[in-house]
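Here's the letter readout for the chains.
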Amino acid sequence: MKRTVTLIIFLASVALIAACASPGSKEHRIDTVSASMEQVDTDLREAVMQVDAVDSSIDGLIEPENGNLAAAFEQYSEHVAEMERVGEQLEQHADALREQGLEYFDEWRAQGEEVANPEVRRISEERHAESREAFAGISETSIDVKRALQTYISDLRDIETYLSNDLTPAGVQAIAPVAEQARQDGTALQQAISPMLSALNRARTGMGLSAVGE
């Protein structure tokens, strides 16, 4: 009996590996998806740090060192540009991960249907469903991240545009409430990122991968 169970598990593993393999390629689809998940994780953590950097530059605008508004504005603009770069990178990698995930699970299902042994096919279907459900959490949480990111960057651009025309103490004072709102929106972005990071690790665990950092 033990030998039969062991054989079934072995055959199921072979089926799962075959389902993940890209035709004509040595690289398995699961490896591609795993690498993309790690990249998105890195992007999210970079975004959190960049929000802190932008906050610091906003402080510099509101209370510029030695009253040097020009230098403070230049630093702010640099941090805004970097935030935009990080945001665009995150969106691109998240979109790529979603597409790779869809391809991975579609191919897994298609190849699983070709398995002749009923028990192996059952195991493959169960693992497919578990893994796909775990992966779905990434897309769900990414919606809030994308929305928060767009709101935040819009705030930052508006402040930059305004101050490019009125870089004076009075202008900074007038825009201060908007800058405070930008801070709050940056915090909202960081808060939205936290569930997505958790979703990435849950997905990795559900798909039989090690959590990021392990």
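**Digging into the environment of Tyr76**
Okay, step 1: Here Tyr76 is to be found in helix H3 (residues 69-112).
Okay, step 2: You can call Tyr76 buried: its relative accessible area is 0%.
Okay, step 3: Sequence-wise, Tyr76 and Asp55 are 21 residues apart; in three dimensions their C-alpha atoms are separated by 9.0 Å.
Okay, step 4: In this structure, Tyr76 is in contact with Val54, Ser57, Ile58, Leu61, Leu156, Ile159 and Glu160, ignoring residues within four places of it in sequence.
Okay, step 5: Within the local environment of Tyr76, its side chain forms a polar contact with the backbone oxygen of Leu156, the two atoms lying 2.8 Å apart.

**Considerations on the confidence of the model for the chain**
Okay, step 1: With 85% of its residues at a pLDDT of at least 70, the chain reaches an overall mean of 85.
Okay, step 2: Ranking the elements of the chain by mean pLDDT puts helix H1 (residues 2-20) last with 44 and helix H5 (residues 169-206) first with 94.
Okay, step 3: With pLDDT under 50 throughout, residues 2-27 is counted as low confidence; its partners more than four residues away or in other chains account for 28 contacts.

**Remarks on the side chain of Ser77**
Okay, step 1: Structurally, Ser77 can be placed in helix H3.
Okay, step 2: In terms of polar contacts, Ser77 uses its side chain to reach the side chain of Glu160, at 2.9 Å.

**Details of the nonpolar core**
Okay, step 1: In this structure, Met37, Leu44, Tyr76, Met83, Ile138 and Leu189 are the most contacted members of the largest nonpolar core, which totals 45 residues.
Okay, step 2: Sorting the residues of this core by element identifies helix H2 (29-62), H3, helix H4 (118-165) and H5 as the ones contributing at least two each.
Okay, step 3: Discounting residues that sit within four places of it in the chain, Leu44 has contacts with Leu90, Val145, Ile193, Met196, Leu197 and Leu200.

Reading the values: rules and limits
- Just so you know, the residues in each chain are numbered from 1, in the order the chain's sequence is written.
- Thresholds applied to this predicted model are a pLDDT of at least 70 for local features of residues and 80 or more for the giving and counting of side-chain atom pairs; totals over whole chains, interfaces and linings are not thresholded and use all residues.
- Hydrogens are left out, water is left out, and the side-chain values use all remaining heavy atoms of the structure.
- Runs of E in the DSSP output that reach at least two residues are strands. Runs of H or I that reach at least four are helices, and both are numbered from the N terminus.
- Burial here depends on accessible area, computed with a 1.4 Å probe over protein chains only, as a share of the maximum for the residue type. Under 20% is buried, over 50% is exposed, and the range in between is partly exposed.
- Here a residue-residue contact requires only that any non-hydrogen atoms of the pair lie within 4.5 Å.
- Any pair of nitrogen or oxygen atoms within 3.5 Å is treated as a polar contact; in protein, a donor-acceptor pairing is required on top of that, and neighbouring residues in sequence qualify only through side-chain atoms on both sides.
- pLDDT measures the predictor's confidence residue by residue and takes values from 0 up to 100.
- Among buried residues, those of type Ala, Val, Leu, Ile, Met, Phe, Trp, Tyr and Cys that are joined through side-chain atoms within 4.5 Å constitute a nonpolar core.

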